[in-house]
Amino acid sequence: MKSMMDKDGPITAEMSVLEVISQYPRTEAVFKSYDECAGECLCCQKLFETVEETANHYGLDLVQLLCELNSVTVTAE
């Protein structure tokens, strides 16, 4: 079941950070881009949390984060 926060893409709010990075290695750079805003390494601190829990914990815009994550899963043709 998809939630309202799932923006049309393979990565959803319910996926763990580990699951996202494992399936789509290029997303690590997106998470890293939020480290300064969060004040710590998201991949280190929230690896087993969902994308939604991570966004909520740090006050990040979940929809924007999902859009950024999904944008790097698209392969150039």
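Structure: above.
Conventions used here
- Residues numbered from 1 in each chain as written.
- Predicted model: local features only at pLDDT ≥ 70, side-chain atom pairs only at ≥ 80, totals over all residues.
- Heavy atoms only, no water.
- Axes fitted to C-alpha atoms, helices over the stretch in contact; angles between N-to-C directions.
- Helix = DSSP H or I, 4+ residues; strand = E, 2+ residues; numbered from the N terminus.
- Parallel < 35°, antiparallel > 145°, perpendicular 65-115°, else oblique.
- Left-handed = near helix turned anticlockwise from the far one by under 90°.
- Contact = heavy atoms within 4.5 Å.
- Buried < 20%, exposed > 50% of the residue type's maximum accessible area, 1.4 Å probe, protein only.
- Arc of directions from axis to C-beta.
- Polar contact = N/O pair within 3.5 Å; in protein donor to acceptor, adjacent residues only side chain to side chain.
- Core = buried A, V, L, I, M, F, W, Y, C linked by side-chain atoms within 4.5 Å.

## Description of the packing of helix α5 (residues 51-58) against helix α6 (residues 62-71)
Two packed helices can be described by the angle between their axes and the distance between those axes. Following both chains from N to C, one finds α5 and α6 inclined at 130 degrees, their axes separated by 9 Å at the closest point. Considering the angle they form, α5 stands oblique to α6. Seen from above, α5 lies across α6 with right-handed handedness. Along the contact surface, α5 presents V51, E52 and A55, while α6 presents L62, L65, L66 and L69.

## Thoughts on α6
Three or more residues of α6 are buried, namely L62, L65, L66, L69 and N70. Down the axis of α6, the sector holding all buried residues measures 125 degrees, keeping them to one side. Those residues of α6 hidden inside the fold are in contact with α2 (28-33) and α5. Where α6 begins, one side-chain oxygen reaches toward the backbone nitrogen of V63, 3.0 Å away; that side chain belongs to D61.

## Brief notes about the nonpolar core
Of all hydrophobic cores here, the largest spans 21 residues; its most connected members are F31, L42, V51, L65 and L69. Only α1 (17-23), α2, α4 (42-45), α5 and α6 provide two or more residues apiece to this core. It is α6 that provides the largest number of residues to this core, a total of four residues. Apart from residues lying up to four places away in sequence, L69 is in contact with I11, T27, V30, F31 and V51.

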